[in-house]
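The lines below spell out each chain.
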Amino acid sequence: MRHLLSPLDFSVEELDNLMNLAKDIEANPKKYAHACEGKKLATLFYEPSTRTRLSHEAAMINLGGSVLGFSSADSSSASKGESVADTIRVISCFADICAMRHPKEGAAMVASQYATIPVINAGDGGHQHPTQTLTDLLTIRSLKGRLDNMTIGLCGDLKFGRTVHSLIHALVRYPGIRFVLISPEELKLPSYIKNDVLDRQNIPYEEVVRLEDALPDLDILYMTRVQKERFFNEEDYVRMKDFYILDNKKMELAKDDMYILHPLPRVNEIATEVDNDPRAAYFKQVQYGVYIRMALILTLLGIEV
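Residues numbered from 1 in each chain as written. Predicted model: local features only at pLDDT ≥ 70, side-chain atom pairs only at ≥ 80, totals over all residues. Heavy atoms only, no water.

Attention now goes to the nonpolar core. In terms of nonpolar packing, the biggest core is built from 58 residues, with Leu154, Ile168, Leu171 and Phe179 touching the most fellow members. Broken down by element, the residue count for this core peaks at 10 residues, all from helix α11 (residues 282-301). Lining this core are residues from two domains, each supplying at least three of them: domain 1 (3-128 + 289-301) and domain 2 (131-285). Among the nonpolar cores identified, the runner-up in size contains 21 residues, and Leu215, Met251, Ala254 and Ile270 belong to it. (Core = buried A, V, L, I, M, F, W, Y, C linked by side-chain atoms within 4.5 Å. Buried < 20%, exposed > 50% of the residue type's maximum accessible area, 1.4 Å probe, protein only. Helix = DSSP H or I, 4+ residues; strand = E, 2+ residues; numbered from the N terminus. Domains from an automatic or database assignment.)

The structure is reproduced here in structure tokens:
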């Protein structure tokens, strides 16, 4: 039995197979419409989520399976003090696979140690968000035709952004990747990721504060929101939240084939006028998220179509 706790749980070759399966699902949805009949997915969401929870649920329903679960800690026995270990033991009696989001780092790993079903980490604190990373990789590969030899700009909250941390871990395994880290001083990428991941593997990167300085060189711009829920005080959040706003004027600086990704939700860091730019790929990214999660569910359940 396998789990997905980190994007590194799959080798590059396994990721390729997963993305190939996702592309086949995109091309032939009817072929997979009954693959998970009789199977149940439990979504255990201790933190609010729209896309990630509904995307997992849509993936399972598209495969002919069914879903059950909860969408906040308040509506689960966690509000009575039940541990993650006990919750997952109980859920293992009801479902065949589960997706779990939790505000505490490492919660999904704890669940995997007590589960008798595959566990998908749907985000744990500021740590990892592997299914978003799989979505990002599939989106980049679909748009650019490759995952190597690219300059990737990561913009916004690089300190708390688990999507950014996961994506860096995944992309450094491909040759010719270079990062431009765009953030205010207070939200810089943590030094442990710079030291343990980028420096250790000799991955070239530069840190800049102005988005305009980075735009002309980028093949992909990965925007993130400043996350209110990760701040300790309102003042700091208000000061940071409007630091970057991508608009049509800034887009004039970018290459014709530079694509914009965003894990969403967007607050105001991408002006709505940019939505009409053919380089805006963040809503396509949502659709790819369903295909890759369908491929992941099939893979973890060992179902071949």
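All right, on to the packing of aromatic side chains then. Overall, the coordinates contain 3 aromatic pairs when judged by the stated rule. Here tyrosine 282 and phenylalanine 283 contribute two aromatic rings whose centre-to-centre distance is 5.2 Å and whose plane-to-plane angle is 65°, an arrangement assigned as edge-to-face. Look at tyrosine 288 and tyrosine 291: their rings are 6.5 Å apart centre to centre, the planes differ by 65°, and that puts the pair in the edge-to-face class. On the criterion of helical spacing, the pair formed by tyrosine 288 and tyrosine 291 is a turn pair, its members being 3 residues apart in helix α11. Exposure remark for tyrosine 291: the relative accessible area of 17% places this residue in the buried category. (Phe/Tyr/Trp six-rings, centres within 6.5 Å; stacked < 30°, edge-to-face > 60°.)

Attention shifts here to the environment of leucine 296. Along the polypeptide, leucine 296 turns up in helix α11. A sequence separation of 165 residues divides leucine 296 from threonine 131, and the C-alpha atoms of the two residues are 8.6 Å apart. Apart from the residues within four sequence positions on either side, leucine 296 is in contact with Leu4, Phe10, Leu18, Ile120, Thr131 and Leu134. (Contact = heavy atoms within 4.5 Å.)

Take the sheet that holds strand β3 (residues 97-102) next. Read across the open sheet, the 4 strands follow the order β2-β1-β3-β4; overall the sheet is parallel. Of all strands in the sheet, those with a lone pairing partner are β2 (66-70) and β4 (119-124), marking the two edges. The average angle at which neighbouring strand axes cross in this sheet is 15°, direction not considered. Here strand β1 (residues 40-45) pairs with β3 via 5 bridges, running parallel. Residue pairing in the sheet places threonine 43 in a bridge with alanine 99 of β3. (Pairing = 2+ DSSP bridges. Axes fitted to C-alpha atoms, helices over the stretch in contact; angles between N-to-C directions.)

According to the domain assignment, the chain contains domain 1 (3-128 + 289-301) and domain 2 (131-285). Relative to domain 2, the C-alpha centre of domain 1 lies at a distance of 25 Å. Contact residues are listed per partner, giving 32 residues for domain 1 and 23 residues for domain 2. Overall, the association of domain 1 and domain 2 removes approximately 2,200 Å² of surface from exposure, summing both partners, and the carbon and sulfur fraction of that is 56%. Among the residues domain 1 hides against domain 2, the three largest losses belong to Leu8, Met19 and Arg51. Together they make up 23% of the total. Run the count over domain 1 and domain 2 and you get 2 salt bridges. (Buried area = accessible area lost by both parts, 1.4 Å probe. Salt bridge = Lys/Arg side-chain N within 4 Å of Asp/Glu carboxyl O.)

In this section: the sheet that holds strand β5 (residues 150-155). Spatially, 5 strands are ordered β7-β6-β5-β8-β9 in an open sheet, and the strand pairing comes out parallel. Among the strands making up the open sheet, the edge pair consists of β7 (205-208) and β9 (259-261). Each strand of the sheet is rotated relative to its neighbour by a mean of 20°, with strand direction disregarded. One ladder, built from 4 bridges, connects β5 with strand β8 (residues 220-223); its direction is parallel. From the neighbouring strand, cysteine 155 faces β8, where its bridge partner is methionine 223. Sheet strands touched by helix α7 (residues 191-199): β6 (177-182) and β7. Its angle to β7, the strand with the most contacts, is close to 155°.

Here we come to helix α6 (residues 162-171). Burial runs high along α6: 10 of the 10 residues are buried. Taken as a whole, α6 has its buried residues at Arg162, Thr163, Val164, His165, Ser166, Leu167, Ile168, His169, Ala170 and Leu171.

Where burial is concerned, most of β3 is hidden: 6 out of the 6 residues are buried. Burial of the side chains of β3 extends over both faces: Ile97, Ala99 and Arg101 are buried on one face and Cys98, Met100 and His102 on the other. Judged from the 4 bridges that link them, β3 and β4 form a sheet pairing that is parallel. Bridge assignment links cysteine 98 to a residue of β4, and that residue is valine 119. Regarding the hand of the β-α-β motif, the stretch spanning β3, helix α4 (residues 107-114) and β4 is right-handed. (Right-handed = clockwise from strand over helix to strand, strands pointing away.)

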